[in-house]
Amino acid sequence: AQKVTQAQTEISVVEKEDVTLDCVYETRDTTYYLFWYKQPPSGELVFLIRRNSFDEQNEISGRYSWNFQKSTSSFNFTITASQVVDSAVYFCALSIYAGGTSYGKLTFGQGTILTVHP
Amino acid sequence: NAGVTQTPKFRILKIGQSMTLQCAQDMNHNYMYWYRQDPGMGLKLIYYSVGAGITDKGEVPNGYNVSRSTTEDFPLRLELAAPSQTSVYFCASSTPSTGTGRTEAFFGQGTRLTVV
């Protein structure tokens, strides 16, 4: 069975601070995918990124960056120069490779509530 | 683009009542999913479908039923509502059948269900 742990239940920062959201996962499969989703106060889930288990390259997209380390089973997410609009619940998720359902049959962490104060 | 559409957005049920949560997608996705999100928790998979006529159980299927008669629709049925089914329900779809385009799961806006 797979498991995703987001140890930080809530994080509160002041605007322009950098913040890192931690994600640790467990799986016995060698081929898997890792995801981050954002859930703003409006409630929908917004896809942010997907990485496969063979690609440990870090990725940067604007103010967002992700650090994937297989050695520690971690897939951490950093927001640089945080903004009030970043306030949301962030979920890390895992799926094992299973054909087409790999992208939607997800095991979620419990989420981290990020609040960015002006 | 409508994406994934869920109806209703809110519903209050009495214990023992039944209802169907509707989900429709217009992205020609093969795969569809139902998740529930309890307060302070991540989403848990209830059922999923890999195509019309094919469904399978997820992590928490008890108390629910699904059917998939068309590619577009994937309704979730609650037969005898219980307070433990109070949750926010999300429908999602993924993977275009054409083999091209974005493959990640797209989620609906959610249905907030309260059983009293």
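In what follows, the structure referred to is the one given above.
Please read these numbers as outputs of a predicted model, since none were measured by experiment.

Draft legend 1. Structural detail: empty space enclosed by the protein. Residues and elements named next belong to chain B. Per the counting criterion, the structure on display carries one cavity of 30 Å³ or more. A volume near 30 Å³ is recorded for the largest cavity. If you trace the largest cavity, you find it lined by Arg-36, Gln-37, Asp-38, Met-41, Gly-42 and Lys-44. Residues of the lining of the largest cavity, tallied by class, amount to one nonpolar, two polar and three charged.

Draft legend 2. Structural detail: the nonpolar core. Core analysis: the biggest nonpolar cluster contains 23 residues, and Trp-36, Phe-77, Tyr-90 and Leu-114 of chain A have the highest contact counts within it. Counting residues per element, the ones that place at least two in this core are strand E2 (10–14), strand E3 (19–21), strand E5 (32–39), strand E8 (64–69), strand E9 (74–79), strand E10 (88–96) and strand E12 (112–117) of chain A. Among the elements that make up this core, the one with the highest residue count is E10 of chain A (four residues). If we skip the residues at most four places from it in the chain, Phe-77 of chain A touches Val-19, Thr-20, Leu-21, Trp-36, Leu-48, Tyr-64, Ser-65, Trp-66 and Tyr-90 of chain A. With 21 residues, the next largest nonpolar core counts Phe-91, Ala-93 and Leu-106 of chain A together with Ala-92 of chain B among its residues.

Draft legend 3. Structural context of the sheet that holds strand E7 (residues 64–66) of chain B. Residue and element names in this part refer to chain B. Ordered in space as E1-E3-E8-E7, the four strands form an open sheet in which the pairing is antiparallel. The strands lining the two open edges of the sheet, one partner per strand, are strand E1 (4–7) and E7. Each strand of the sheet is rotated relative to its neighbour by a mean of 20 degrees, with strand direction disregarded. Judged from the three bridges that link them, E7 and strand E8 (residues 76–78) form a sheet pairing that is antiparallel. The residue of E8 that forms the bridge with Tyr-64 is Leu-78.

Draft legend 4. Region of interest: the packing of aromatic side chains. Residues and elements named next belong to chain A. Per the stated rule, a full pass over the model turns up 18 aromatic pairs over all chains. For the pair Trp-36 and Phe-77, a centre-to-centre distance of 5.3 Å together with 50 degrees between the ring planes defines the contact as tilted. A residue pair is termed long-range when its members are at least 10 positions apart, and Trp-36 in strand E5 and Phe-77 in strand E9 qualify at 41 residues. Exposure remark for Trp-36: the relative accessible area of 0% places this residue in the buried category. Ring plane angle 50 degrees and centroid distance 6.2 Å describe the contact between Tyr-37 and Phe-108, whose orientation is recorded as tilted. In this pair, Tyr-37 is assigned in strand E5 and Phe-108 in strand E11 (residues 107–108), connecting sequence segments 71 residues apart.

Draft legend 5. Region of interest: the interface of chain A and chain B. On the side of chain B, 21 residues touch chain A, which itself brings 17 residues to the contact. When chain A packs against chain B, close to 1600 Å² is buried across both sides, 60% of that on carbon and sulfur atoms. It is Leu-45, Lys-105 and Phe-108 of chain A that lose the most area in chain A upon contact with chain B, and together they represent 27% of the buried surface on that side. For the pair chain A and chain B, the interface holds zero salt bridges.

Draft legend 6. Examining the state of the cysteines more closely. Residues and elements named next belong to chain B. Scanning the entire structure with this criterion turns up two disulfides over all chains. Disulfide pairing is shown between Cys-23 and Cys-91; the S-S distance is 1.8 Å. One disulfide, between Cys-23 and Cys-91, carries an S-S torsion of -70 degrees and so falls in the left-handed class. Taken together, the positions of Cys-23 in strand E3 (residues 19–25) and Cys-91 in strand E9 (residues 87–96) put the pair 68 residues apart, joining distant regions of the chain. The burial state of Cys-23 is the same as that of Cys-91; both residues are buried.

Draft legend 7. Geometry of the pattern of salt bridges. Under the counting rule described, the total for this entry stands at five salt bridges over all chains. The shortest N-O distance in the salt bridge between Arg-51 of chain A and Asp-55 of chain A comes to 3.1 Å. A salt bridge links Arg-77 of chain B to Glu-79 of chain B, with the shortest nitrogen-to-oxygen separation between them at 3.3 Å. Accessibility expressed as a relative area gives 30% for Arg-77 of chain B, which makes it partly exposed. With relative accessibility at 39%, the residue Glu-79 of chain B sits in the partly exposed group.

Draft legend 8. Inspection of the pairing of E12 of chain A at higher detail. Residue and element names in this part refer to chain A. Burial along E12 is one-sided: the face carrying Thr-112, Leu-114 and Val-116 is buried and the face carrying Ile-113, Thr-115 and His-117 is not. For E2 and E12, the ladder comprises five bridges, and the chain directions are parallel. Each bridged residue has a counterpart across the sheet, and for Val-14 the counterpart in E12 is His-117. Here E10 runs beside E12; their pairing, made up of three bridges, is antiparallel. Counted as the bridge partner of Ala-88 is Leu-114 from E12.

Calculation criteria
- Residues numbered from 1 in each chain as written.
- Chains lettered and ligands numbered in written order.
- Predicted model: local features only at pLDDT ≥ 70, side-chain atom pairs only at ≥ 80, totals over all residues.
- Heavy atoms only, no water.
- 1 Å grid on protein atoms, 1.4 Å probe; cavity = no way out; pocket = protein on both sides within 12 Å on 5 of 7 lines; lining within 4 Å.
- Points joined across faces, edges and corners; volume = space filled by probe spheres on them.
- Nonpolar A, V, L, I, M, F, W, Y, C, P; charged D, E, K, R; others polar.
- Core = buried A, V, L, I, M, F, W, Y, C linked by side-chain atoms within 4.5 Å.
- Buried < 20%, exposed > 50% of the residue type's maximum accessible area, 1.4 Å probe, protein only.
- Helix = DSSP H or I, 4+ residues; strand = E, 2+ residues; numbered from the N terminus.
- Contact = heavy atoms within 4.5 Å.
- Pairing = 2+ DSSP bridges.
- Axes fitted to C-alpha atoms, helices over the stretch in contact; angles between N-to-C directions.
- Phe/Tyr/Trp six-rings, centres within 6.5 Å; stacked < 30°, edge-to-face > 60°.
- Buried area = accessible area lost by both parts, 1.4 Å probe.
- Salt bridge = Lys/Arg side-chain N within 4 Å of Asp/Glu carboxyl O.
- Disulfide = S-S within 2.5 Å.

Any functional reading would require information that these geometric values do not contain.
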